[in-house]
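Given next are the chains, with one letter for each unit.
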Amino acid sequence: MVVLNRIYTRTGDQGTTALAAGGRRPKHDLRIEAYGTVDETNACLGLVRIHTAGHEIDPMLGRIQNDLFDLGADLATVETDKPLPYEPLRITQEQVDRLEREIDALNSELSVLRSFVLPGGTPAAAALHLARTVCRRAERHVVELTEKPDEKVSPEAVKYLNRLSDFLFVASRYVNDKGALDVLWVPGQNR
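Residues numbered from 1 in each chain as written. Predicted model: local features only at pLDDT ≥ 70, side-chain atom pairs only at ≥ 80, totals over all residues. Heavy atoms only, no water.

- As recorded by an unreviewed UniProt entry, the protein carries the name Corrinoid adenosyltransferase and is attributed to Microvirga aerilata.
- The Subcellular location (unreviewed entry) field of the UniProt record for the protein holds the comment "Cytoplasm".
- Quoted verbatim from the Pathway (unreviewed entry) field of UniProt, the annotation for the protein is "Cofactor biosynthesis; adenosylcobalamin biosynthesis; adenosylcobalamin from cob(II)yrinate a,c-diamide: step 2/7." (UniProt positions renumbered as here; feature names shortened; annotations may be inferred.)

## Overview of the environment of L168
For step 1, the next point in the chain: Locating L168 in the fold gives a position in helix 5 (residues 155-175).
For step 2, the next point in the chain: Distance in space between the C-alpha atoms of L168 and T133 is 9.2 Å, their sequence separation being 35 residues.
For step 3, the next point in the chain: Once residues lying within four places of it in the same chain are set aside, the contact partners of L168 are L45, L128, A131, R132 and C135. (Helix = DSSP H or I, 4+ residues; strand = E, 2+ residues; numbered from the N terminus. Contact = heavy atoms within 4.5 Å.)

## Re the side chain of T77
For step 1, the next point in the chain: By the element assignment, T77 lies in the loop between helix 2 (58-76) and helix 3 (93-107).
For step 2, the next point in the chain: For T77, the side chain forms a polar contact with the main-chain oxygen of A73, separated by 2.8 Å.
For step 3, the next point in the chain: For T77, the contacting residues outside a window of four places in its chain are A20, A21, L84, Y86, P88 and R90. (Polar contact = N/O pair within 3.5 Å; in protein donor to acceptor, adjacent residues only side chain to side chain.)

## So, the packing of aromatic side chains
For step 1, the next point in the chain: Under the criterion given, the structure shown has one aromatic pair.
For step 2, the next point in the chain: When the ring of F116 is compared with that of W185, the centres are 5.7 Å apart and the planes differ by 45 degrees; the resulting orientation is tilted. One end of the pair, F116, is in the loop between helix 3 and strand 3 (117-118); the other, W185, is in the segment after strand 4 (183-184), and 69 residues separate them in sequence.
For step 3, the next point in the chain: Look at F116 and you get exposed, because its relative accessible area is 61%.
For step 4, the next point in the chain: Overall, W185 belongs to the partly exposed group, its relative accessible area being 40%. (Phe/Tyr/Trp six-rings, centres within 6.5 Å; stacked < 30°, edge-to-face > 60°. Buried < 20%, exposed > 50% of the residue type's maximum accessible area, 1.4 Å probe, protein only.)

## A few points about the layout of surface pockets
For step 1, the next point in the chain: Computed from the structure, the largest pocket encloses a volume of approximately 460 Å³.
For step 2, the next point in the chain: Listing elements by their share of the lining of the largest pocket, those giving two or more residues are strand 1 (16-18), helix 1 (30-52) and helix 2.
For step 3, the next point in the chain: Grouping the constituent residues of the lining of the largest pocket by class yields nine nonpolar, four polar and one charged. (1 Å grid on protein atoms, 1.4 Å probe; cavity = no way out; pocket = protein on both sides within 12 Å on 5 of 7 lines; lining within 4 Å. Points joined across faces, edges and corners; volume = space filled by probe spheres on them. Nonpolar A, V, L, I, M, F, W, Y, C, P; charged D, E, K, R; others polar.)

## What about the UniProt feature "coiled-coil region" (unreviewed entry) in the protein?
For step 1, the next point in the chain: When the UniProt feature table is mapped onto this chain numbering, "coiled-coil region" (unreviewed entry) sits at residues 89-116.
For step 2, the next point in the chain: Secondary structure across residues 89-116 comprises 54% helix and 0% strand; the distance between its end C-alpha atoms is 37 Å.

## Remarks on helix 1
For step 1, the next point in the chain: Here helix 1 contains 23 residues, and its C-alpha end-to-end distance of 33 Å stays within 8% of the 33 Å for a straight helix at 1.5 Å per residue.
For step 2, the next point in the chain: Capping the start of helix 1, D29 holds a side-chain oxygen 2.9 Å from the backbone nitrogen of R31, two or three residues further along.
For step 3, the next point in the chain: Of the residues trailing helix 1, G54 is marked for its positive phi of about 85 degrees. (Expected span 1.5 Å × (residues − 1).)

## Observations concerning the environment of A105
For step 1, the next point in the chain: Here A105 lies in helix 3.
For step 2, the next point in the chain: On the basis of relative accessible area, A105 is assigned to the partly exposed category, the value being 42%.
For step 3, the next point in the chain: Linking A105 and D74, residues 31 residues apart in sequence, is a C-alpha distance of 28 Å.

## Side note on the side chain of Q65
For step 1, the next point in the chain: Residue position: Q65 is located in helix 2.
For step 2, the next point in the chain: Side chain to side chain, Q65 and N42 meet in a polar contact 2.9 Å long.
For step 3, the next point in the chain: Q65 has contacts with N42, L45, G46 and R49, leaving out every residue within four places of it along the chain.

Right under this line is the structure:
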């Protein structure tokens with residue numbers, strides 16, 4: 001359990017931050033950037049939920065926010081050959097599978113797209129699009145981290161972010177009156 005009785009520690013004043021299992025990294029380190037962007041995604045979802053209170057997708061978004069804290073813990077706990085005194089929190093395939101089921105359920109009620117969707121429509125949809133773009137940035141950072149030979153990242157972490165951005169797109173259409181209020185791209189409209 002986490003206990004936060006003092007918010008500032010001054011330990012980051014030299015430009016480093018602690019990892020969950022020990023050790024420090026510069027605040028601009030790619031791993032820190034990755035889980036920091038996951039945190040940004042979560043903050044975006046907090047804004048989305050202002051507009052989805054009482055909507056049927058709101059409980060899904062609440063679960064996702066909790067999953068994103070799990071993902072942040074996963075990314076902040078570097079895998080090493082040394083055993084930890086606790087079982088590290090990792091994203092699971094079941095969390096990925098749940099997102100897929102929710103995407104399929106929401107998407108089954110949407111009309112087929114015949115153009116790309118511009119971010120907008122309702123405030124909830126616009127906020128979901130913003131969350132989607134931040135999620136994609138988090139995914140890019142995590143994928144880049146996987147390409148570093150000295151860094152380990154679970155495949156489920158990458159899959160989760162990839163599915164989450166898909167979920168956020170489908171959810172944006174769903175809250176846009178199941179696609180009826182989508183703002184569609186018109187190629188070359190302003191030439």
